[in-house]
Amino acid sequence: TCGALGRLLPGAAPFSALALGDCGLSEEGVKLLLHGLCSNTTVKSLDLKGNNLRTVGAEALGKLLSHNKSIRSLTLEWNSLGMWEEGFSFFCQGLGANNVLQRLDLRNNQINHQGAGELAVALTQNASLQELDLRWNNVGLLGGRALLNCLQRNRTLKRLELAGNNVPGDIIKAVEQALNHNQDREMILNKAQSQVHILSKEVLSLKDEKNKQFLDFTDTIDKQKEEKARSERMCSARVTQLQEALDEQHSIMNSLKAKLQMTEAALALSEQKVHDLGELLKAMKQEQTSLAEGHFRELQQQKQEGADREGKLFHDLSAASEKNLLLRNQVDELERKCKAQQDQLFQVKQDLANTTAELKLRAVQAEERLELEKRRFKQSLEDKECLRVKEVDRLTQHFEASEHSMQDRIQRLEAIRTSLEEELSQVKAAALAERGQAEEEFIKARSQARLEEQQRLEHLEEKLRQMTELRDEAQNCFLRQKEMVAEAQAKAKQSSLHADGLRRRLEELQQDLNRKEEEKVTEVNKVKVELQEQIGHLEAERTVQDGLREKIAALERQLKALSSNHREALLDKEGEISLLLEKLRTKEAEISRMREEEAQRASFLQNAIMAYVQGPHLGTHSSRK
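Residues numbered from 1 in each chain as written. Predicted model: local features only at pLDDT ≥ 70, side-chain atom pairs only at ≥ 80, totals over all residues. Heavy atoms only, no water.

As recorded by an unreviewed UniProt entry, the chain carries the name LRC45 protein and is attributed to Pitta sordida. UniProt, in the comment section headed Subcellular location (unreviewed entry), describes the chain in these words: "Cytoplasm, Cytoskeleton, Microtubule organizing center, Centrosome". (UniProt positions renumbered as here; feature names shortened; annotations may be inferred.)

Written out as structure tokens, the structure reads:
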């Protein structure tokens with residue numbers, strides 16, 4: 001079975017753990033099994049405890065360890081590997097050549113101090129083993145010292161069990177301290193590697209963020225330009241709409257004037273009709289007088305003819321007198337109606353004159369307000385456009401300068417990081433050389449070094465902050481002085497009288513700028529020298545990156561403030577335009593209301609005139625009947 005398993009194992013076995021503990025395997029079977037595992041790549045854990053492995057098994061295990069590249073854990077408890085020195089030496093040679101195994105269990109294998117020495121030599125060559133269990137063997141004092149000495153060169157072993165080996169307690173404590181030292185060193189290395197990885201990721205993320213922010217900045221500028229063009233188009237469209245509304249108001253005024261003329265003509269016609277009605281009334285009065293005289297003559301004739309018709313004539317006379325009274329009352333009512341209509345016509349003329357005057361004044365005021373608003377809007381648009389162009393140019397220049405400076409600083413920091421890595425490697429080599437000192441002194445020195453490094457880092461951080469503040473102040477002064485130079489040049493172009501004074505001022509400003517630049521360069525060089533001499537860790541890059549993030553955040557806040565100001569200005573203009581539109585709507589509502597009132601008055605006058613014209617004809621028809 002072991003031979004068949006050994007023939008099967010060189011290929012890709014379908015399992016990663018192989019447990020053959022307490023199986024009573026023979027030496028030849030174990031040899032075949034281990035020979036098959038030499039070229040296997042899938043088995044990660046092998047358990048051979050309690051199989052009484054000796055010389056042949058130890059040699060086969062040494063060959064397995066020197067050839068196999070996949071086994072991570074090997075359990076050899078309750079065997080006899082340490083009884084024969086030659087076989088165990090082969091096993092130790094294979095262990096020294098192996099760089100994959102991480103856990104080895106050698107409990108109860110009768111390993112003496114010579115075997116422990118062989119193991120110590122193998123451990124000095126091995127760079128992967130992390131756990132070694134040697135409990136219940138016979139290592140002794142000499143073996144314990146050999147293992148302790150090998151730990152000075154081995155950096156990977158983290159756990160070593162020596163219980164039940166007659167090893168003195170001080171050696172066990174020294175071994176534990178060495179293992180703790182290895183664990184601390186491993187933790188420090190892992191932390192340093194993680195910090196380097198994190199810092200590299202942060203640098204890449206900062207570069208990506210810068211590119212994204214630059215692209216966002218350009219997009220926001222393009223959007224602002226588009227919004228400005230759209231707002232200008234909207235404003236021009238609204239101005240044209242307002243002009244059209246004014247033209248409509250002018251046309252409405254002309255139509256009202258035409259209506260006034262029509263109403264005056266209608267009033268003239270109504271006066272002519274009143275005059276005709278007065279003539280008709282006079283004719284009716286004459287007819288009534290003639291009729292009364294005829295009736296009176298007929299009554300006298302009838303009195304002379306006979307007393308029979310006297311009562312009848314008296315009755316007719318009374319009826320005629322009643323009709324006459326009725327006709328007189330009607331005439332009086334018509335006269336009163338004519339007077340009331342004349343008063344109403346006079347009031348209508350006065351109202352029309354007042355409304356025309358008010359409309360003219362309102363139209364003039366509206367035209368003046370529109371012209372003033374147009375001028376103000378054009379002036380504000382021009383001022384805002386100039387300010388926006390200046391601000392965009394200044395921001396682009398500042399952003400380009402800051403980007404160049406940031407790239408330079410990133411390159412300098414990369415160089416500093418490489419130098420720091422070299423210094424770290426040198427410090428590690430020195431620490432490795434001086435590892436044989438006493439552990440208590442090492443702990444004290446490490447704590448003191450940590451305190452000193454923290455103090456140095458704090459001091460350097462303060463210096464960096466001061467230098468960044470000085471650099472920002474110098475940049476601000478430089479920008480202000482550039483603006484002053486530009487203003488001086490513009491004034492020199494405008495007037496030639498102050499040319500000499502402005503030239504002197506420019507020379508002084510140039511000297512100040514050169515002096516400040518030289519001071520800045522010297523200060524930067526000093527800071528570089530101090531950083532190269534004193535920086536011992538990579539945490540300084542984190543502070544620099546925090547400063548970069550703060551600057552980027554400040555730039556974002558400036559951009560947000562600019563966009564908010566631009567939006568507020570646009571909202572203010574839109575509010576003014578909406579107020580103008582509301583005023584126009586109120587004017588249109590007043591004009592429509594006045595139209596309705598004029599239409600109601602005209603309909604009222606027409607109805608009154610029609611009633612007035614129809615009334616007398618009815619009276620004449622009734623009187624004639």
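Okay, back to it.
Asker: Could you clarify how one ought to interpret the overall build of the chain in this entry?
Answerer: From N to C terminus, the chain includes 11 helices and six strands. By residue count, 30% of the 625 residues in the chain fall in the buried class. Within the chain, contacts between residues at least 6 apart in sequence are counted, and of these 88% link residues at least 24 apart. Total accessible area on the chain stands at roughly 40000 Å², and carbon and sulfur atoms take up 53% of it. (Helix = DSSP H or I, 4+ residues; strand = E, 2+ residues; numbered from the N terminus. Buried < 20%, exposed > 50% of the residue type's maximum accessible area, 1.4 Å probe, protein only. Contact = heavy atoms within 4.5 Å. Areas by Shrake-Rupley, 256 points an atom, 1.4 Å probe, with all protein chains shown as cover.)

Asker: Just checking my understanding: could you explain the side chain of Asn 40 for this structure?
Answerer: Position of Asn 40 relative to the elements: it lies in the loop between helix H2 (27–37) and strand E2 (45–47). What makes Asn 40 buried here is its relative accessible area of 2%. A distance of 2.9 Å separates the side chain of Asn 40 from the backbone nitrogen of Val 43, its partner in a polar contact. (Polar contact = N/O pair within 3.5 Å; in protein donor to acceptor, adjacent residues only side chain to side chain.)

Asker: Mind showing me how you'd approach the packing of helix H3 (residues 55–67) against helix H4 (residues 85–97) here?
Answerer: The geometry of H3 relative to H4 is characterised by a closest axis approach of 7 Å and an angle of 10° between their N-to-C directions. The orientation of H3 with respect to H4, classified from their angle, is roughly parallel. For the pair formed by H3 and H4, the contact residues are Thr 55, Ala 58, Glu 59, Leu 61, Gly 62, Leu 65 and Ser 66 on the first element and Gly 87, Phe 88, Phe 90, Phe 91, Gly 94, Leu 95 and Ala 97 on the second. (Axes fitted to C-alpha atoms, helices over the stretch in contact; angles between N-to-C directions. Parallel < 35°, antiparallel > 145°, perpendicular 65-115°, else oblique.)

Asker: Help me understand helix H6 (residues 140–150) in this model?
Answerer: What sets the pattern is the α-helix's 3.6 residues per turn: residues three or four places apart point alike. For H6, the complete set of buried residues consists of Gly 140, Gly 143, Gly 144, Leu 147 and Cys 150. Projection of H6 onto a plane perpendicular to its axis shows the buried side chains occupying an angular sector of 125°, all on one side. (Arc of directions from axis to C-beta.)

Asker: So what exactly am I meant to see when it comes to the pattern of salt bridges here?
Answerer: Close approach of charged atoms allows side chains with opposite charge to pair. Tallying each qualifying case throughout the model produces 13 salt bridges. Note that Lys 228 is salt-bridged to Glu 232, the shortest N-O span being 3.9 Å. Linking Lys 228 with Glu 232, this pair stays in helix H7 (residues 169–305), spanning four residues, or about one helical turn. A relative accessible area of 13% means that Lys 228 is categorised as buried. With its nearest N and O atoms 2.9 Å apart, the salt bridge here joins Asp 512 to Arg 515. Of this pair, Asp 512 and Arg 515 both sit in helix H10 (residues 499–534), three residues apart, roughly one helical turn. Each member of the salt-bridge network shares a partner with another, and the members are Glu 77, Asp 105, Arg 107, Asp 133 and Arg 135. (Salt bridge = Lys/Arg side-chain N within 4 Å of Asp/Glu carboxyl O.)

Asker: Would you mind showing me how to read the environment of Phe 88 here?
Answerer: Checked against the element boundaries, Phe 88 lands in helix H4. Given the relative accessible area of 2%, Phe 88 is considered buried. With 32 residues separating them in the primary sequence, Phe 88 and Val 56 have C-alpha atoms 9.7 Å apart. If we ignore the near neighbours within four places in the chain, the residues touching Phe 88 are Ala 58, Leu 81, Gly 82, Ile 111, Gly 115 and Leu 119.

Asker: How do you make sense of the nonpolar core when you look at a structure like this?
Answerer: A general tendency of soluble globular proteins is for nonpolar side chains to be buried together. In terms of nonpolar packing, the biggest core is built from 49 residues, with Leu 61, Leu 76, Leu 104 and Leu 106 touching the most fellow members. At the level of elements, H2, H3, H4, helix H5 (113–125), H6 and H7 are the ones that each hand at least two residues to this core. Beyond its immediate stretch of four places on either side in the chain, Leu 104 contacts Leu 74, Leu 76, Phe 91, Leu 95, Leu 129, Glu 131, Leu 132 and Asp 133. Listed in part, the 10 residues of the second largest apolar core include Ile 416, Leu 460, Met 467 and Leu 531. (Core = buried A, V, L, I, M, F, W, Y, C linked by side-chain atoms within 4.5 Å.)

Asker: Just to check I follow, could you spell out the packing of H4 against H5 for this structure?
Answerer: Any two packed helices are characterised by the angle at which their axes cross and by the distance between the axes. Here H4 crosses H5 at 15°, and the two axes come no closer than 8 Å. As judged from the angle between their axes, H4 and H5 are roughly parallel. For the element pair H4 and H5, the recorded crossing hand is right-handed. Contact with H4, carried on its side by Glu 85, Phe 88, Ser 89, Cys 92, Leu 95 and Gly 96, involves Gln 114, Gly 115, Glu 118, Leu 119, Ala 122 and Gln 125 of H5 and no other residues of that element. When grouped by side-chain class, the residues that make up the contact of H4 with H5 number five nonpolar, five polar and two charged. (Left-handed = near helix turned anticlockwise from the far one by under 90°. Nonpolar A, V, L, I, M, F, W, Y, C, P; charged D, E, K, R; others polar.)

Asker: For this particular structure, what's the right way to read a negative patch on the surface?
Answerer: Together, Asp 208, Glu 209, Asp 216, Asp 219, Asp 222, Glu 226 and Glu 556 make up a region of like negative charge exposed at the surface. Within the secondary structure layout, Glu 209 lies in helix H7. (Patch = residues over 30% accessible without salt bridge, like charges linked within 9 Å, V, L, I, M, F, W, Y side chains within 5 Å. Lys, Arg positive; Asp, Glu negative; His and termini not counted. Charge placed at Lys NZ, Arg CZ, Asp CG, Glu CD.)

Asker: Just to check I follow, could you spell out H2 for this structure?
Answerer: Among all positions of H2, only Gly 29, Val 30, Leu 33, Leu 34, Gly 36 and Leu 37 are buried. Looking straight down H2, one finds that the buried residues subtend no more than 155° of arc, so they occupy a single side. Facing away from the buried side of H2, by more than 90 degrees, are the exposed residues Glu 28 and His 35.

Asker: Explanation requested: the sheet that holds strand E5 (residues 131–133) in the structure shown.
Answerer: As a general point, the strands of a sheet are linked pairwise by backbone hydrogen bonds and lie either parallel or antiparallel. On the basis of which strands lie adjacent, the open sheet formed by six strands has the order E1-E2-E3-E4-E5-E6 and parallel pairing. Unpaired on one side and paired on the other, strand E1 (17–19) and strand E6 (159–161) mark the two borders of the sheet. Neighbour-to-neighbour, the strand axes of the sheet open up by a mean angle of 0°, direction not taken into account. In this sheet, E5 lies alongside strand E4 (residues 103–105) in parallel orientation, the contact comprising three bridges. Within E5, the residue paired with Asp 105 across the bridge is Asp 133. (Pairing = 2+ DSSP bridges.)

Asker: What is the right way to read unusual backbone geometry from this model?
Answerer: The bulk of non-glycine residues show a negative phi, and the bulk of peptide bonds are trans. One non-glycine residue, Asn 52, lies in the positive phi region at around 55°. Mapped onto the elements of the fold, Asn 52 is located in the loop between E2 and H3. Under the relative-accessibility criterion, Asn 52 is labelled partly exposed at 40%. Within the chain, Trp 136 stands out as a residue other than glycine whose phi angle is a positive 60°.

Asker: For this particular structure, what's the right way to read the environment of Leu 502?
Answerer: With respect to the helices, strands and loops of the structure, Leu 502 is situated in helix H10. Judged by its relative accessible area of 16%, Leu 502 falls in the buried class. Leu 502 sits 13 residues away from Gln 489 along the chain, and the two C-alpha atoms are 7.8 Å apart.

Asker: Could you clarify how one ought to interpret the side chain of Ser 73 in this entry?
Answerer: By secondary structure assignment, the location of Ser 73 is in strand E3 (residues 73–75). With relative accessibility at 15%, the residue Ser 73 sits in the buried group.

Asker: How do you make sense of the environment of Thr 543 when you look at a structure like this?
Answerer: With respect to the helices, strands and loops of the structure, Thr 543 is situated in helix H11 (residues 539–624). With 79 residues separating them along the chain, Thr 543 and Leu 464 place their C-alpha atoms 8.8 Å apart. The contact partners of Thr 543, leaving out residues within four places of it in the chain, are Glu 461 and Leu 464.

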